[in-house]
Amino acid sequence: MSEHAANITEVGTASKASAQPSANKQHLILTGDRPTGPLHLGHFVGSLRNRVTYQDQYKQYIMIADAQALTDNMDDPAKVHNNVIEVALDYLAVGIDPSKSTIFIQSQIPELTELTFYYMNLVTISRLERNPTIKQEIILRNFERDIPAGFFTYPVSQAADITAFKATLVPVGDDQIPMIEQTNEIVRRFNRLAKKDILVECEALVPEIGRLPGIDGKAKMSKSLGNAINLGATEAEIKQAVRNVYTDPQHLKVEDPGHLEGNVAFTYLDAFDPDKEALQAMKDHYVRGGLGDSKVKARLEGVLQDMLRPIRERRQEYEKDRGHVLQLLKEGTYRAREIAAKTNDEVKAAIGLKHF
């Protein structure tokens, strides 16, 4: 085995932080979303509401990953371009404050692309092929061997994003931990090459509530699957979506005992219902029988309407002045680029690319 291969396969498991680590101003978070459509409840429970909390505890950078979105949307770049502002509107609507969190557009920071190019030399094709997250995503997208090179090297691009800001915490789901492992491999390999610690290792920050299932009971809520409830959904859209929420297929009569496992209505109530005591009483009633699905769905609709109404209203206010939203993105991107450029200069100097 070559020295190159040996160096990049020596890793163990990436360290993992809880969803609510102790407040520490020294920590820096990098997070973000691919702008391929409006954000939905899955994004809210998995990341957005945590970001609102984190922005008061840590320095936080939030990336609208339009360049990454092109790795499997190059045939429709307009979809990505048009959704940049839509994602920003959702951020602002849920309470992300651009004076506390730096929101930026990935494609407007060319240093991220440059770092990706350098890091490519620290990773082998065989290592990328072994990344479990990439393997799974390739299957989900039916790429087989027709894999866009940009998509295949996504872990390297993500490493560039994380290390450019020297992030120490990266909020991800359990399925994304291999990406953090690969980032830390690149960090260690580069620092050995540089003979000093220029890049910083990071931890995966896994939320307490993981991936939210779709309303149809499928494992993942997704825009493409049509089983999502968008954050900007109207009252009528919420009502219709809740009506279609998957419950217990064996709960045919009101008097029948119901099951909670795999019951999407209760999964959503667990995630969003603020009255845990009343919810537990409803669960107990459902399990012993005598409670119809319509009552459960009525409670769920009320919870979602109350939660999404102020988000929708704030979104509508911000939408009245898209120029202002774009200006906020410009300002955040300018600040982010200053940080990324500094890291890029350090990397170039370490590998002898600062000629003048």
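What you see is a predicted model; the values in this text were computed from it and never measured.

Novice: I'd like to hear about the overall build of the protein, residue by residue, with values.
Specialist: Secondary structure assignment for the protein yields 15 helices and six strands. Rg of the C-alpha trace for the protein: 22 Å, near the compact-globule value of 21 Å for 356 residues, within the 12% margin. Referenced to the eigenvectors of the C-alpha coordinate spread, the extents of the protein come out at roughly 75 × 50 × 45 Å. The buried share of the protein, taken over its 356 residues, is 51%. Considering only contacts within the protein whose residues lie at least 6 apart along the sequence, 79% involve residues at least 24 apart. The averaged location of the 49 negative side-chain charges in the protein is 2 Å from the averaged location of its 44 positive side-chain charges.

Novice: Explain the packing of aromatic side chains residue by residue, including any values.
Specialist: How two aromatic rings sit relative to each other is set out by the distance from centre to centre and by the angle between their planes. Overall, the coordinates contain six aromatic pairs when judged by the stated rule. On the numbers, 6.3 Å between centres and 35 degrees between planes, the contact of Phe44 with Phe272 is tilted. Within this pair, whereas Phe44 is found in helix α2 (residues 41–54), its partner Phe272 is found in helix α12 (residues 264–272), the two being separated by 228 residues in sequence. Exposure remark for Phe44: the relative accessible area of 9% places this residue in the buried category. Each residue in the set Tyr61, Phe104 and Phe165 is aromatic and connected to the rest through ring pairs, giving one cluster.

Novice: A description of the pairing of strand β4 (residues 101–105) should follow, citing residues and the corresponding values.
Specialist: Taking burial as the measure, the five residues of β4 include five buried ones, the bulk of the element. Of the two faces of β4, both are covered, the one formed by Ser101, Ile103 and Ile105 as well as the one formed by Thr102 and Phe104. As paired strands, strand β3 (residues 59–64) and β4 are joined by five bridges and run parallel to one another. Considered in β4, the bridge of Ile64 is made with Ile105.

Novice: Give a description of the nonpolar core that names residues and reports values.
Specialist: With 50 residues, the main nonpolar core has Leu41, Tyr91, Ile229, Leu231, Tyr268, Phe272 and Leu304 as its most contacted residues. Looking at this core, the element that brings in the most residues is helix α4 (residues 77–94), giving nine residues. In this structure Leu231 touches Leu39, His40, Leu41, Phe44, Leu48, Asp90, Val94, Leu308, Ile311 and Arg312, once residues within four positions along its chain are discounted. Within the second largest apolar cluster, 45 residues are counted, among which are Leu28, Tyr118, Phe165 and Ile180.

Novice: Tell me about helix α7 (residues 132–140), residues and numbers included.
Specialist: When we look at burial in α7, the residues that qualify are Thr133, Ile134, Glu137 and Ile138. Seen from one end, α7 has its buried residues packed into an arc of 135 degrees, which puts them on one side. Within α7, the exposed residues directed more than 90 degrees away from the buried face are Ile139 and Leu140. Looking at the buried side of α7, the elements it contacts are α6 (125–129), α8 (149–152), α9 (154–164) and α10 (177–194). Directly beyond the C-terminal end of α7, a positive phi value near 55 degrees is found at Asn142.

Novice: Explain a nonpolar patch on the surface residue by residue, including any values.
Specialist: Residues Leu193, Ile351 and Leu353 make up a contiguous nonpolar surface patch of about 230 Å² in total accessible area. Secondary-structure assignment places Leu353 in the segment after α15 (322–350). On the basis of relative accessible area, Leu353 is assigned to the partly exposed category, the value being 32%.

Novice: Quick rundown of the environment of Glu346? Include the residues and the values.
Specialist: Within the secondary structure, Glu346 sits in helix α15. The spacing of Glu346 and Ile198 is 148 residues in sequence and 7.2 Å in space, taken between C-alpha atoms. Each residue touching Glu346, except ones within four places of it in the same chain, is listed here: Lys166 and Ile198.

Novice: Which residues make up the pairing of strand β2 (residues 28–33), and what are the values?
Specialist: Counting buried positions along β2 gives five out of six residues, so the element sits mostly inside the fold. As judged from the six bridges shared by β2 and β3, these two strands associate in the parallel manner. Each bridged residue has a counterpart across the sheet, and for Thr31 the counterpart in β3 is Ile62. For the segment spanning β2, α2 and β3, crossover handedness is right-handed.

Novice: Quick one: what's the story with the environment of Thr343, residue by residue and with numbers?
Specialist: With respect to the secondary-structure elements, Thr343 resides in helix α15. On the accessibility criterion, Thr343 (3% relative accessible area) is buried. Note: C-alpha distance between Thr343 and Glu111 (232 residues apart in sequence) is 8.7 Å. Discounting residues that sit within four places of it in the chain, Thr343 has contacts with Thr163, Ala164, Lys166 and Leu199.

Novice: Please set out the packing of helix α5 (residues 110–119) against α9 residue by residue, giving values where relevant.
Specialist: Packing of α5 against α9 leaves a shortest axis separation of 8 Å and a crossing angle of 120 degrees. As summarised for this structure, α5 and α9 are arranged oblique, according to the angle between their axes. Note that α5 runs across α9; the crossing there is right-handed. Note on element contacts: α9 touches α5 through Val156, Ser157, Ala159, Ala160, Asp161, Thr163 and Ala164, opposite Leu112, Leu115, Thr116 and Tyr119.

Conventions we followed
Residues numbered from 1 in each chain as written. Predicted model: local features only at pLDDT ≥ 70, side-chain atom pairs only at ≥ 80, totals over all residues. Heavy atoms only, no water. Helix = DSSP H or I, 4+ residues; strand = E, 2+ residues; numbered from the N terminus. Rg over C-alpha atoms; globule rule 2.2 N^0.38 Å. Buried < 20%, exposed > 50% of the residue type's maximum accessible area, 1.4 Å probe, protein only. Contact = heavy atoms within 4.5 Å. Lys, Arg positive; Asp, Glu negative; His and termini not counted. Charge placed at Lys NZ, Arg CZ, Asp CG, Glu CD. Phe/Tyr/Trp six-rings, centres within 6.5 Å; stacked < 30°, edge-to-face > 60°. Pairing = 2+ DSSP bridges. Core = buried A, V, L, I, M, F, W, Y, C linked by side-chain atoms within 4.5 Å. Arc of directions from axis to C-beta. Patch = residues over 30% accessible without salt bridge, like charges linked within 9 Å, V, L, I, M, F, W, Y side chains within 5 Å. Areas by Shrake-Rupley, 256 points an atom, 1.4 Å probe, with all protein chains shown as cover. Salt bridge = Lys/Arg side-chain N within 4 Å of Asp/Glu carboxyl O. Right-handed = clockwise from strand over helix to strand, strands pointing away. Axes fitted to C-alpha atoms, helices over the stretch in contact; angles between N-to-C directions. Parallel < 35°, antiparallel > 145°, perpendicular 65-115°, else oblique. Left-handed = near helix turned anticlockwise from the far one by under 90°.

All quantities given are derived from atomic positions and should not be read as evidence of function.
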